[in-house]
Amino acid sequence: MNYYTTPSESARNILIANDRGGYTIPTSGLYPYQWNWDSAVAALGFAEFDIDRAWVELETLFSGQWADGMVPHILFHKPDPGYFPGPDVWGGTGPIASSGVTQPPLAATMARRVWEKDRVVGEARLRALFPAMLAWHRWFMNWRLDEHGAVCTTHPWEAGRDNAPDWDGAMAGIDASDVGEYQRRDTSHVNSADRPTKYDYDRYIKLVQIGREAGWDQAKLLELNPFRVADPTMSFTTLRAARDLLTISQELGIAAEGLNADVARLEAGARSLWNEALGAFDARDAHTGEWAESVSNASYLCWYGGIDSSQMLDRVKTVLTTVPHPIPSYDPNMPKFDERRYWRGPTWAFMNMLAGFGLAEMGHGVEAEALRLKTARLIAGHGFAEYYDPITGSPAGGNSFTWTAAVWLHWAGRN
Ligand code: 9WN
């Protein structure tokens, strides 16, 4: 009898174990609910062995869509005291208890990939989801663009890169002195050195309180929210989603007015995030116009957004040859680099996959393949972690992680 479990079997087992019936949690304990961009990545993993389940993941995500088109970053399907802040703190106003912010829109792009794996099964599912995906896209166009067309994040959790140095300037402007007492849960599940600091958490919760008080009314929040940062994650993923929605609408013959113009506007916005002095795509505070001066792993999503850049290509070549486990979430040569603290240094496999998709699509196959193989080695050698130390490769944060398993099945571990 063979007792050896291959990484692909482990990856499937993780997806199956994290399945809560129609949706997948990122990892048990630390994240007991459905997260938005995690689910989009999970769908890719399921598509490798159960196409129907892949569609269900996306359908469940959109079942939480708000009347205004927003798809929340967390859906609290069943109460769980292990996570803070829960539904009572957020006060979401959608059909399912939820948070009040969104996350980078990966769903349309991943739905397209799932459909391309099996167009016969996928067509009806994709057609049915299309109006919801389009409504979400329009919500971004209505509420999240700056004057250049770059897409803004209104909470560090919205961009999904919680404690990235990109937000340090905007976070410093938030007065969280009256945030009150609260009990974090994350640090009882994982090492606190891998997690955001109390300074950060006070501001995360303060921003939730501001949003909740405004009833998550986007018009009011445009005035009230002290945090609004135009960011490469939001800009490149929204641009990419718009391109995919356009392709889907053309291929399926679905009328979707305005998408061509939206793509042009979003592309101009994404290009406006080029920080010439830094020589990289950067985040820009939408209130002050100040650059973050941050080269993050989101900077490398330009190709995923359909924007080529010879300077970013030089950077990716350097990172692939000088950083043992690329792509670090923050440039190791910059002063704020912290190799274990979450989005301030560690490598995230799913971000590598997104960068890898874009590199391959834009003709940079050598770099795409090098990145894929390095990501495969990282996962095979260090397990299905939430993220990894880019210098030593050691796993950090949660383990048996859904999106890392999905990345293995769909991309990194592909033969
Ligand atoms: C807050 C679930 C999520 C990811 C985010 C990641 C982390 C949550 C947290 O976990 O954020 O949304 O509590 O730390 O930063 O990208 O979607 O995996």
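Here goes a summary of the coordinates provided.

What counts, and where the lines are drawn
Counting restarts for each chain: residues are numbered from 1 in the order of the written sequence. Side-chain atom pairs in this predicted model are given and counted only at pLDDT of 80 or more, local residue features only at pLDDT of at least 70, and totals for whole chains, interfaces and linings cover all residues. The side-chain figures draw on all heavy atoms in the structure; neither hydrogens nor water molecules are used. Criterion for a salt bridge: a side-chain nitrogen of Lys or Arg within 4 Å of a carboxyl oxygen of Asp or Glu. Each helix is a run of DSSP H or I of at least 4 residues and each strand a run of E of at least 2, with the numbering of both proceeding from the N terminus. Only protein chains enter the accessibility calculation, which uses a 1.4 Å probe; a residue is then buried when its area is under 20% of its type maximum, exposed when over 50%, and partly exposed in between. Any residue with a heavy atom lying within 4 Å of a molecule or strand is counted as near it. Note on areas: Shrake-Rupley, 1.4 Å probe, and residue coverage restricted to the protein chains presented here. Think of a 1 Å grid over just the protein atoms. A cavity is a set of points where a 1.4 Å probe fits yet cannot get out, a pocket is an open set with protein on both sides within 12 Å along at least five of seven lines, and lining residues have an atom within 4 Å of a point. A molecule is counted as occupying a cavity or pocket when more than half of its atoms fall within 2 Å of that pocket's grid points. Three classes are used: nonpolar for Ala, Val, Leu, Ile, Met, Phe, Trp, Tyr, Cys and Pro, charged for Asp, Glu, Lys and Arg, and polar for all others, with Gly counted as polar. A fitted line through C-alpha atoms represents every axis, and for helices the fit uses only the stretch in contact; the resulting angles, taken between N-to-C directions, go from 0 to 180 degrees. The handedness criterion is simple: a crossing whose near helix is rotated anticlockwise from the far helix by less than a right angle is left-handed, and one whose near helix is rotated clockwise is right-handed. It only takes one pair of heavy atoms within 4.5 Å for two residues to be counted as in contact. For a helix, the expected span equals 1.5 Å multiplied by the residue count minus one. The arc in question is traced by the directions running from the helix axis to the C-beta atoms. Only rings of Phe, Tyr and Trp enter the pairing, Trp through its six-membered ring, and a pair is recorded when the two centres are within 6.5 Å. The plane angle decides the type: under 30 degrees is stacked, over 60 is edge-to-face, the rest tilted. We call a charge positioned over a ring when the NZ of a Lys or the CZ of an Arg lies within 6 Å of the ring centre and within 35 degrees of the ring normal.

This brings us to the pattern of salt bridges. Applying the stated criterion across every chain yields a total of 29 salt bridges. With a closest N to O distance of 2.8 Å, Asp168 and Arg344 form a salt bridge. Here Arg344 lies in the loop between α14 (310-322) and α15 (349-361) and Asp168 lies in helix α8 (residues 168-172), a separation of 176 residues in the sequence. According to the relative accessible area criterion, Arg344 is buried, its value standing at 13%.

As a further point, take the site of the ligand. Around the ligand, 17 residues are found, and the nearest of them are Asp38, Tyr83, Gly160, Asp162 and Tyr342. Compared with its free state, where it exposes 410 Å², the ligand has 100% of that area covered by protein. The cavity that encloses the ligand is the largest cavity. Grouping the constituent residues of the shell around the ligand by class yields eleven nonpolar, three polar and three charged.

What follows covers the environment of Ile248. When you line up the elements, Ile248 lands in helix α12 (residues 232-252). Assessed through its relative accessible area of 0%, Ile248 is described here as buried. For the pair Ile248 and Thr109, spaced 139 residues apart in the sequence, the C-alpha separation amounts to 9.7 Å.

It is worth spelling out the packing of α14 against helix α16 (residues 365-382) at this point. Running from N to C, α14 and α16 point in directions that differ by 35°, and their axes come no closer than 11 Å. By crossing handedness, the relation of α14 to α16 is classed as left-handed. Judged by residue contacts, Leu313, Val316, Lys317 and Leu320 of α14 engage Glu367, Ala370, Leu371 and Lys374 from α16. The residue inventory of the contact of α14 with α16, partitioned by class, reads five nonpolar, no polar and three charged.

Attention shifts here to helix α1 (residues 7-18). With twelve residues, α1 should reach 16 Å at 1.5 Å per residue; the first-to-last C-alpha distance of 16 Å fits that figure. For α1, the complete set of buried residues consists of Ala11, Ile14, Leu15 and Asn18. For α1, the angular spread of the buried residues around the axis is 95°, confining them to a single face. Residues Ile16 and Ala17 are exposed on α1 and point more than 90 degrees away from its buried face.

Inspection of every chain in the model, using the stated rule, returns 32 aromatic pairs. Measuring from centroid to centroid gives 4.8 Å for Trp37 and Phe350, while their planes differ by 85°, and the two rings are edge-to-face. Linking Trp37 in helix α2 (residues 36-47) with Phe350 in helix α15, this pair joins segments that are 313 residues apart in sequence. According to the relative accessible area criterion, Trp37 is buried, its value standing at 1%. Accessibility expressed as a relative area gives 1% for Phe350, which makes it buried. The ring of Tyr201 carries the charged tip of Arg184 above its face, separated from the ring centre by 3.7 Å. The aromatic ring of Tyr304 is capped on one face by Arg240, whose charged end is 4.9 Å from the ring centroid.

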